[in-house]
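Report on the structure
What follows is the residue order along each chain.
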Amino acid sequence: MSNKEYIPTLVPSEIHGFHSHTTSWTPVISNPSHQEYHINRLEEISNKSSFQVLPHRKTVHDFIFLKKGISRRSKGLSKYEFGPSSMFFLPAYQITQHEMISSDAEGFYFHFDEKIFGFLPKNYLSEQFPFFQFQSNPVIQMSESTLNNIECILNRLLELYKGENNENKNLIAYNLLVIFEEIKKEIPFQTKKTKNSFFEITERYKHALGQHIYKYQNISDYAKILNITPNYLNKCVKTCTDKTAQDLLKEMLILEAKTLLKYSDLHISEIAIKLCDQNPSNFARFFKKQTGQTPMEYLQMC
């Protein structure tokens, strides 16, 4: 991670090395034979109890198909625990953090570059499938019939992947589209959070934090971006999350600070200026108030 990067944005060739920093990861994700897609069984992950990966972004979309077991993962500032018969979708360039996966987990992990769908119009996935949108709920619960259908397709995709034949790229793409259409059928039958104006503004605020946290640290700036007043922004966030807009901003600052401490070669004093435009002592007090540790104590535990 260079001084110019904040939360690392990983291309496929970097994913395996990043995961290896914090967990014993048996499947080789960064496979040079398959630059545009990857699939592996969750059963192949060695020592699942150590599966914890700090915040990062990827240039590829990914999803987890969970047939058995439990996992916890974040999308932006929101954390999700999902269990059997579910899928977790993450669009490219969205911040995520892997927190745990149970030892009995069974299923598949898949990531892909949208270039694999070169025959489709631009932004087709996000327009047709809401689970690829930044502000959508990433967890989809599957019926038994949908689970069985998707599992069959994923087994077929694994066969194609192991075939080491790049001519299979179109087959991969078409099979993925079938999976997405199967999942799309499930959405109307889910219990969904009401998407009133408060919820929409809160989600847009979270997204804006992910984009602009290094440039803006005042609620008034984000209210201006969203074209609303600071008081209305705070009312929306408080109604939906029981937290203030300032609370979410502080959470994002800590998320970025932890990643810089862990993965950059910046000194704590440099992070204080780059992230918060503060002197080191003020930054240390802020960090300890939010986490219970000083930046140095956190760094020593990494």
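Attention here is on the structure that accompanies the text. Numbers given for residues are sequential positions, taken from 1 along each chain in its written order. In view of the model being predicted, local features appear only for residues whose pLDDT reaches at least 70, and side-chain atom pairs are presented and counted only at 80 or more, with totals across whole chains, interfaces and linings using the full set of residues. To get the side-chain values, take all heavy atoms of the structure and skip hydrogens and water.

1. A short note on the environment of C302
Inspection of the secondary structure puts C302 in the segment after helix 11 (295-301). By relative accessible area, C302 is classed as partly exposed at 38%. Helix and strand assignments come from DSSP, with helices taken as H or I runs of at least 4 residues and strands as E runs of at least 2, each series counted from the N terminus. Only protein chains enter the accessibility calculation, which uses a 1.4 Å probe; a residue whose area is less than 20% of its type maximum is buried, one above 50% is exposed, and one in between is partly exposed.

2. Quick word on the nonpolar core
In a soluble, globular protein the nonpolar side chains are often hidden away together inside. Only buried Ala, Val, Leu, Ile, Met, Phe, Trp, Tyr and Cys residues count toward a nonpolar core, and they belong to the same one when joined by side-chain atoms within 4.5 Å. Counting 59 residues, the largest nonpolar core has Y205, L209, I213, Y222, L233, L249 and F283 as the members making the most contacts within it. With 11 residues, helix 8 (residues 245-263) is the single largest residue contributor to this core. Residues F65, L158, A173 and I187 belong to the second largest nonpolar core, which totals 33 residues.

3. What about the sheet that holds strand 6 (residues 78-82)?
Between any two strands, at least two bridges found by DSSP are needed for them to pair. The five strands are arranged 1-3-8-5-6 in an open sheet whose pairing can be described as mixed. In this open sheet, the two strands that pair with only one neighbour each are strand 1 (9-10) and strand 6. The sheet contacts of helix 8 involve strand 3 (53-58) and strand 8 (96-101), and relative to strand 3 the element is tilted by about 100°. Whether two residues are in contact is decided by their heavy atoms: any pair within 4.5 Å suffices. The axes used here are C-alpha line fits, helices contributing only the stretch in contact, and every angle between their N-to-C directions lies in the interval 0 to 180 degrees.

4. Considerations on the side chain of R73
Among the structural elements, R73 can be located in strand 5 (residues 71-75). Judged by relative accessible area, R73 falls into the buried class, the value being 1%. Among the polar contacts made by the side chain of R73, one reaches the side chain of D62 at a distance of 2.6 Å. Residues in contact with R73, not counting those within four places in the same chain, are K58, D62, I64, S78, K79, Y80, F82, F88, L90, T96, Q97 and H98. Two N or O atoms form a polar contact when they lie within 3.5 Å of each other; inside protein one atom must be a possible hydrogen donor and the other a possible acceptor, and for residues adjacent in sequence the pair counts only when both atoms belong to side chains.

5. Here we look at helix 10 (residues 280-291)
One less than the residue count of a helix, multiplied by 1.5 Å, gives the span that helix is expected to have. Over its 12 residues, helix 10 extends 16 Å from the first C-alpha to the last, a length consistent with the 16 Å expected when each residue adds 1.5 Å. For helix 10, every residue scored as buried is listed here: F283, F286 and F287. With its buried residues spanning 95° around the axis, helix 10 presents them on a single face. Those residues of helix 10 that are exposed and aimed more than 90 degrees away from the buried face are R285 and K289. Throughout, the arc means that of the directions going from the helix axis to the C-beta atoms.

6. Notes on the state of the cysteines
Any pair of cysteine sulfurs within 2.5 Å is marked as a disulfide. Applying the stated criterion across every chain yields a total of zero disulfides. In this structure C240 is a free cysteine whose sulfur lies 6.7 Å from that of C236, the closest cysteine sulfur available.

7. Some thoughts on the packing of aromatic side chains
Side-chain rings of Phe, Tyr and Trp (the six-membered ring for Trp) are treated as a pair once their centres are within 6.5 Å; stacked means planes under 30 degrees apart, edge-to-face means over 60, and tilted covers the remaining angles. Going through the model one piece at a time under the given rule, you end up with 28 aromatic pairs. Geometrically, the ring pair formed by F82 and F88 is stacked, given 5.2 Å between the ring centres and 25° between the ring planes. F82 gets classed as buried once you look at its relative accessible area, which sits at 2%. Judged by its relative accessible area of 0%, F88 falls in the buried class. An aromatic cluster of at least three residues, connected via ring pairs, comprises F63, F89, F110, F112, F117, F119, Y124, F129, F131, F132, Y174 and F180.

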